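Structural characterization, general
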Amino acid sequence: MSPARSVLLCEPQCWGFEHAPFNAALLSTVCLAYPSAKIVYYGEPSHLEYTRNEFGRFRGEKDVCFAPVRAPRRELTGARRLPREFSLCRRMLAEASRDESQALIFCSITSTSLLSLKLLMKTRRFHRPTAAVVHGCLANVAGPQPRRPWNWLLDLRRVLALPHPSSLRLIALGNSIRANLEAMRPRQSHQWSSMDHVYLWPDASLAQDALPGPNRPPRFGYLGVASKAGGKGFDTFCQLTEDVAPSRETAEFTVAGFYLGPVNEKPICPYVRDIPDEPLSREAFEQRVRQITYVVSTAKPEHYRLAASGTFLDALAFLKPGIYLRNDYVAHYFDQMGDIGYLCDSREEMVRTIKEIMAEFPEDRYQSQIENIKKGRTIFEPKVLAPRIREILSPGA
């Protein structure tokens, strides 16, 4: 009997806990998609440990080999990253060729590693099915040009415009993201496939009941990094809490996350309970989320044209209905899953929604929203997405 062929996964850039939950979920999906294959996961050693632990919480480590690689340091950017990423991509193509692998998957990608991959696959005539998941760097497609002229050639827009290997598929994490990409860059539409953001849901018992009671007002929570930078909208969340401040005795506001930025620039949010200055442990994060009644997302809509929303997925993980400032990503899943919260077109509408909830808690609708989340979130599970990842990696797909 011939030995089982392998499927190789590589995380080329993340260190420590970064992307570990997603990569563990993707690893689980690949295990289900290729049950008889030898699965090998390559990553920076500290990241391997986090991913191994996260994967082990849900599936165990059967038939998975974890192998260390040297990932570029996170502070390296642009041309300084290129030689290291080129070397790593070259190694992964060599490993895949030596093992006669069925498929090669890059769990994330940067513009410089994508440039390396395209050049190597073309020059080495590497034709094994290969996929690369594109995360946050996609924002650069809609962002301003690099300020330094020597970085222009490494800009993601220029890398995408280079000749594309026929066996390489770029994965956008959702149909709405792919649709926006195709509208913005139609000439590169053939490079893209889409797949929902795979997620390993925690045990349902972690989604503690947060129904208000006589001495327990509804609690509205902001999830993730509280920062002035980026498009997550923490400043808008602070303004929102002040807009409903006169009724504060019938509501609470909290942050399940931490502040990132200079201490002297930390926003003043008098109606928000305890904004940590350091990342929470996983246990502390889960405890805070369990106590939230509604997740509130005030991110700028343009932020999620080309990015998946971690806040949305965390809300689903803990069975929390949400109050969202409308964006393409979340609106797409409201269409699929039904009533899982409130989509608002402005901060003013969010304020009105919160005040209505505070005035009379919609208990029946709240329970219905939880049930819709339970039923609808299966679309993000590894067992559902395993056929999709296999389809993307099928020769000639």
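Coordinates for the structure precede this section.
First things first, this report covers the structure right here in the doc. Please read all numbers here as calculations on a predicted model, not as lab measurements.

1. Some points on the overall build of the chain
Helix and strand counts for the chain come out as 14 helices and 12 strands. Its C-alpha radius of gyration of 22 Å places the chain within 12% of the 21 Å reference for a compact globule of 397 residues. Judged by the C-alpha coordinates and their principal axes, the chain covers about 65 × 55 × 35 Å. By sequence separation, contacts in the chain at least 24 residues apart represent 74% of the contacts at least 6 residues apart. Within the structure as shown, the chain displays about 18,100 Å² of accessible surface, and the carbon and sulfur contribution to it stands at 51%. Each charge class in the chain can be summarised by its mean position, and for the 52 positive and 43 negative side chains these summaries are 10 Å apart.

2. Points about the sheet that holds strand β7 (residues 192-194)
On the basis of which strands lie adjacent, the open sheet formed by seven strands has the order β3-β2-β1-β4-β5-β6-β7 and parallel pairing. Each end of this open sheet is capped by a strand with a single partner; those strands are β3 (64-68) and β7. Taking the axes of each pair of neighbouring strands and ignoring which way they run, one obtains an average angle of 25° across the sheet. With respect to the sheet, helix α2 (residues 45-58) is in contact with β2 (38-43) and β3, its orientation differing from that of β3 by roughly 160°. Helix α7 (residues 175-184) contacts β6 (168-172) and β7 of the sheet and is inclined by roughly 155° relative to β7.

3. Focus: the packing of helix α1 (residues 20-33) against α2
Relative to each other, α1 and α2 sit at 60°, their axes nearing to 8 Å. Considering the angle they form, α1 stands oblique to α2. For α1 against α2, the interelement crossing comes out right-handed. Of the residues in α2, those touching α1 at A20, P21, N23, A24, L27, S28 and C31 are H47, Y50, T51, E54 and F55. For the contact of α1 with α2, a count of residues per class yields seven nonpolar, four polar and one charged.

4. Notes on α7
Among the residues of α7, S176, I177, N180 and L181 are the ones counted as buried. Buried positions in α7, seen along its axis, are confined to an arc of 140° and lie on one side of it.

5. Brief notes about the packing of helix α10 (residues 310-317) against helix α11 (residues 328-337)
Where α10 contacts α11, the axes come no closer than 10 Å and their chain directions differ by 35°. Counting all contacts with α10, which are made through F312, L313 and L316, the residues of α11 involved are Y329, V330, Y333 and M337. A class-by-class count of the residues in the contact of α10 with α11 yields seven nonpolar, no polar and no charged.

6. Quick notes on the side chain of T110
By secondary structure assignment, the location of T110 is in the loop between β4 (103-106) and α4 (111-123). Residue T110 is classed as buried on the basis of its relative accessible area of 12%. Among the polar contacts listed, one links the side chain of T110 to the side chain of E85, at a separation of 2.9 Å.

7. What about the sheet that holds strand β8 (residues 219-226)?
On the basis of which strands lie adjacent, the open sheet formed by five strands has the order β9-β8-β10-β11-β12 and parallel pairing. Strand pairing shows two members of the sheet lacking a second neighbour, β9 (252-259) and β12 (341-344), which therefore form its edges. The average undirected angle you get between the axes of adjacent strands in this sheet is 20°. In this structure, strand β10 (residues 294-297) lies alongside strand β11 (residues 322-325), joined through three bridges in parallel fashion. In the sheet register, V296 faces β11, and the bridge partner there is I323. On top of the sheet, α11 reaches β11 and β12; it is set at about 135° to β12, its chief contact.

Procedures and definitions
- Residues numbered from 1 in each chain as written.
- Predicted model: local features only at pLDDT ≥ 70, side-chain atom pairs only at ≥ 80, totals over all residues.
- Heavy atoms only, no water.
- Helix = DSSP H or I, 4+ residues; strand = E, 2+ residues; numbered from the N terminus.
- Rg over C-alpha atoms; globule rule 2.2 N^0.38 Å.
- Contact = heavy atoms within 4.5 Å.
- Areas by Shrake-Rupley, 256 points an atom, 1.4 Å probe, with all protein chains shown as cover.
- Lys, Arg positive; Asp, Glu negative; His and termini not counted.
- Charge placed at Lys NZ, Arg CZ, Asp CG, Glu CD.
- Pairing = 2+ DSSP bridges.
- Axes fitted to C-alpha atoms, helices over the stretch in contact; angles between N-to-C directions.
- Parallel < 35°, antiparallel > 145°, perpendicular 65-115°, else oblique.
- Left-handed = near helix turned anticlockwise from the far one by under 90°.
- Nonpolar A, V, L, I, M, F, W, Y, C, P; charged D, E, K, R; others polar.
- Buried < 20%, exposed > 50% of the residue type's maximum accessible area, 1.4 Å probe, protein only.
- Arc of directions from axis to C-beta.
- Polar contact = N/O pair within 3.5 Å; in protein donor to acceptor, adjacent residues only side chain to side chain.

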